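Each chain is listed here by its residues.
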Amino acid sequence: MTPLRDHHAAARLLRGLALLVLALALAAVPALAEAPADTEYIVHYRPEAAGMGADSALPFDVVSGAELEYLLDLDLIEWYEENGEAQLLEAEPQALLLESTYYDAQAQWNLDMIGAELAFDRGLLGQGVRVGIIDSGVSPHEALGDRLLPGHCYIKDVADPEDTADTLGHGTKVAGLIAGAGEDGYIGAAPMAELVPLKCTDGNNVKIDAICAAIYDGVDVYHCDVLNLSLGTSNKDHTKFLEEAVNYAVSQGVIVVAAAGNRGDGTLYYPAGFDNVIGVGSVNTDCAWYGGSPHNSSVFLCAPGKSVRSTTNAGGYATGSGTSFATPQVSAAVAVLLCIDPDLGLEDIMALLANTALDDRDIEGYDEYCGYGILNLSGCVLALTGEGLCGFQMGEAGWATAVRNHTGRSLECVYLLAEYSDAGQLCSLSVITLELPALGSAELPAPAEDGLYGQFLCRADTFAPLLEAVKSPQAVQDGA
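Anyway, here's the lowdown on the structure attached to this text.

Rules behind the numbers
- Residues numbered from 1 in each chain as written.
- Predicted model: local features only at pLDDT ≥ 70, side-chain atom pairs only at ≥ 80, totals over all residues.
- Heavy atoms only, no water.
- Helix = DSSP H or I, 4+ residues; strand = E, 2+ residues; numbered from the N terminus.
- Buried < 20%, exposed > 50% of the residue type's maximum accessible area, 1.4 Å probe, protein only.
- Contact = heavy atoms within 4.5 Å.
- Patch = residues over 30% accessible without salt bridge, like charges linked within 9 Å, V, L, I, M, F, W, Y side chains within 5 Å.
- Areas by Shrake-Rupley, 256 points an atom, 1.4 Å probe, with all protein chains shown as cover.
- Salt bridge = Lys/Arg side-chain N within 4 Å of Asp/Glu carboxyl O.
- Pairing = 2+ DSSP bridges.
- Axes fitted to C-alpha atoms, helices over the stretch in contact; angles between N-to-C directions.
- Parallel < 35°, antiparallel > 145°, perpendicular 65-115°, else oblique.
- Left-handed = near helix turned anticlockwise from the far one by under 90°.
- Nonpolar A, V, L, I, M, F, W, Y, C, P; charged D, E, K, R; others polar.
- Core = buried A, V, L, I, M, F, W, Y, C linked by side-chain atoms within 4.5 Å.

**Here's the deal with the overall build of the protein**
Now for step 1: When helices and strands are counted, the protein shows 11 helices and 24 strands.
Now for step 2: Counting all 480 residues of the protein, 55% fall into the buried class.
Now for step 3: Sequence-distant contacts in the protein: of pairs separated by 6 or more residues, those separated by 24 or more amount to 73%.

Right, dumping it as structure tokens:
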């Protein structure tokens, strides 16, 4: 047992002794209406009650109905709520998934859709970024290697809190879609990211207090940069402490990514429904909205979520469907962006994801089915590495013959072609309006081969530059 967990155990013992004293002192006090014996409550103590029995390593405690009555009588509780449950958000039962012992790189259609190849080619693999997986645990797998770090199990009364093996299989599939890497190719979009298993369940239901404890430890003990929660609850009455935990993680610079649900309707799931969480919906192989994915304000972005292939807890590979498996692909993309620039904040990352997302359902901008669109990792990388949202395509003669839009949005642009005299003076300026289709190109008029010129591309509405100017070799040499 680690020193931290020894401290947890000691704090719980002190809490038990304190409550025993309270029980004896209040034996003559009329009891409040009895709560069900098996009901647990998450409580937040008043500041002046610090040390009265709360586990000091966490800002909340879990008590029985009887314990809650005593604490309320003493006016020690600032607020409380019933310890509810969330659910893992996989769309297909485990029994329907066919497992194989080999990995088929050709089956990773999802990596093609999100544009992961560009990041792979540039060696941007999530190095130095740590992702906490709040789930059913993660079992060791050859495709995860030594990137799977020690974690913790938060299931009540578990025999070994350090055992994070995945008996269900859900968390191991999530892990593979973040950092899986086999001999035949990459499985996850951030194959060099570190993974911390924060096990909260052995079944489909997950206690809220376990999720909250995992969030706090993911930040303070395991120093995660990203937290992946492929789970959620639709009961808003059980989210006060969950929201507090998420707010704490975000305040510490941790990016929280969560699944938006699989009911195919407007039902909100939390934590995806919180404004400071990147909520993820799912799409099919043809980039169309996946019917089980929700349509509501929690959907910030979509990723492939139908029959995506990943690692299993039995050591093989299988497909999974649902927002549970769309979510880790967005977490992986965040890890790639953080490996490029560790100082990126939540707003920076959300802006990159939104501005580069691929259009869905022929709808521009935001909609509640697919959010800002489909994850476009290549567009994010190009925008973040300074190559801009657009790029000139250079011809053999030294000038740009076309321009390519790296984003998932059509762009109204203005192309400027400046001609210079031999003395370097501007003698003409051509202005052309261009409509650049999403991930498409537009041809550019060629200047005179022996002329001096400069090429520029700007936004049509603000004239803000979309990329650096390109000058002819002779113009650069002559200082034009």
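**Side note on the environment of aspartate 461**
Now for step 1: With respect to the element layout, aspartate 461 can be found in the loop between strand 23 (452–459) and strand 24 (465–471).
Now for step 2: Its relative accessible area of 65% is what places aspartate 461 among the exposed residues.
Now for step 3: A sequence separation of 48 residues divides aspartate 461 from cysteine 413, and the C-alpha atoms of the two residues are 8.1 Å apart.

**Quick word on unusual backbone geometry**
Now for step 1: For the bond from tyrosine 270 to proline 271, the omega torsion is 20°, close enough to zero to count as cis.
Now for step 2: Among the secondary structure elements, proline 271 is positioned in the loop between strand 13 (255–259) and strand 14 (278–283).
Now for step 3: Phi angles above zero are rare outside glycine, and aspartate 75 is one such case at about 55°.
Now for step 4: With respect to the helices, strands and loops of the structure, aspartate 75 is situated in the loop between helix 2 (65–73) and strand 3 (77–82).
Now for step 5: Classification of aspartate 75 by relative accessible area gives partly exposed; the value is 47%.
Now for step 6: Even without being glycine, aspartate 157 reaches a positive phi, approximately 60°.
Now for step 7: Among the residues examined, aspartate 157 registers a relative accessible area of 71% and is labelled exposed.

**As for a nonpolar patch on the surface**
Now for step 1: Together, Leu426, Leu429 and Val431 give the surface a local cluster of nonpolar side chains, amounting to about 290 Å² of exposed area.
Now for step 2: Mapped onto the elements, leucine 429 comes out in strand 21 (residues 426–436).

**Remarks on the sheet that holds strand 4 (residues 85–88)**
Now for step 1: Pairing within the open sheet is antiparallel, and its three strands lie in the order 10-4-12. Here the strands that pair on one side only, and so sit at the sheet edges, are strand 10 (205–207) and strand 12 (231–232).
Now for step 2: Pairing between strand 4 and strand 12: two bridges, direction antiparallel. Paired with leucine 88 across the strands is leucine 231, a residue of strand 12.
Now for step 3: Lying on the sheet, helix 6 (residues 208–220) is in contact with strand 4, strand 10 and strand 12; it crosses strand 10 at an angle near 65°.

**Regarding the pattern of salt bridges**
Now for step 1: All told, the structure shown has six salt bridges when counted by the stated rule.
Now for step 2: Ionic pairing is found between aspartate 202 and lysine 199, a salt bridge with its closest N-O pair at 2.8 Å.
Now for step 3: What makes lysine 199 buried here is its relative accessible area of 5%.
Now for step 4: Across the pair aspartate 265 and arginine 263 runs a salt bridge, and its minimum N-O distance is 3.8 Å.
Now for step 5: The exposure class assigned to arginine 263 is partly exposed, which follows from its relative accessible area of 49%.

**Some details on helix 2**
Now for step 1: Where helix 2 is concerned, the buried positions are Gly65, Glu67, Leu68, Glu69 and Leu71.
Now for step 2: Following helix 2 by one or two positions, aspartate 75 has its phi on the positive side, about 55°.

**Quick look at the packing of helix 9 (residues 346–356) against helix 10 (residues 377–384)**
Now for step 1: Contact geometry for helix 9 and helix 10: axes closest at 9 Å, N-to-C directions at 120°. It follows from the interaxial angle that helix 9 and helix 10 lie oblique. You can see that helix 9 and helix 10 cross each other, and the crossing is right-handed. From helix 9, Leu352, Leu353 and Thr356 reach across to helix 10, where they touch Gly379, Cys380, Ala383 and Leu384.
Now for step 2: Here the contact of helix 9 with helix 10 is composed, by residue class, of five nonpolar, two polar and no charged.

**A few points about the nonpolar core**
Now for step 1: Counting 102 residues, the largest nonpolar core has Ile134, Ile211, Ile215, Leu227 and Ile278 as the members making the most contacts within it.
Now for step 2: Residues in contact with leucine 227, not counting those within four places in the same chain, are Gly132, Ile134, Leu198, Ile215, Gly218, Val219, Ala249, Val254, Ile255, Val256 and Val257.
Now for step 3: Core analysis: the next-biggest nonpolar cluster, separate from the first, contains 19 residues, Trp399, Leu434, Tyr453 and Leu467 among them.

**Thoughts on the sheet that holds strand 11 (residues 226–229)**
Now for step 1: An order of 6-9-5-11-13-14-15 is seen for the seven strands of this open sheet, with the pairing classed as parallel. This sheet does not close on itself; its edge strands, each paired only once, are strand 6 (152–153) and strand 15 (301–304).
Now for step 2: Bridge count for strand 14 against strand 15 is four bridges, and the pairing is parallel. Across the sheet, residue valine 283 finds its bridge partner in strand 15, namely proline 304.
Now for step 3: Against the sheet, helix 5 (residues 170–179) engages strand 5 (130–135), strand 9 (194–199) and strand 11, with an angle of about 160° to strand 5.
Now for step 4: On top of the sheet, helix 8 (residues 323–340) reaches strand 5, strand 11, strand 13, strand 14 and strand 15; it is set at about 125° to strand 14, its chief contact.

**Topic: the pairing of strand 13**
Now for step 1: Along strand 13, five of the five residues are buried, which leaves the element largely enclosed by surrounding structure.
Now for step 2: Alternating residues of strand 13 divide into Ile255, Val257 and Ala259 and Val256 and Ala258, and every residue in both groups is buried.
Now for step 3: Relative to strand 14, strand 13 runs parallel, the two being bridged by three bridges. The residue bridging valine 257 from the neighbouring strand is isoleucine 278, located in strand 14.

**Regarding the environment of alanine 116**
Now for step 1: Considering the arrangement of structural elements, one finds alanine 116 in helix 4 (residues 116–121).
Now for step 2: Under the relative-accessibility criterion, alanine 116 is labelled buried at 0%.
Now for step 3: Placed 216 residues apart in sequence, alanine 116 and alanine 332 show a C-alpha to C-alpha distance of 9.9 Å.

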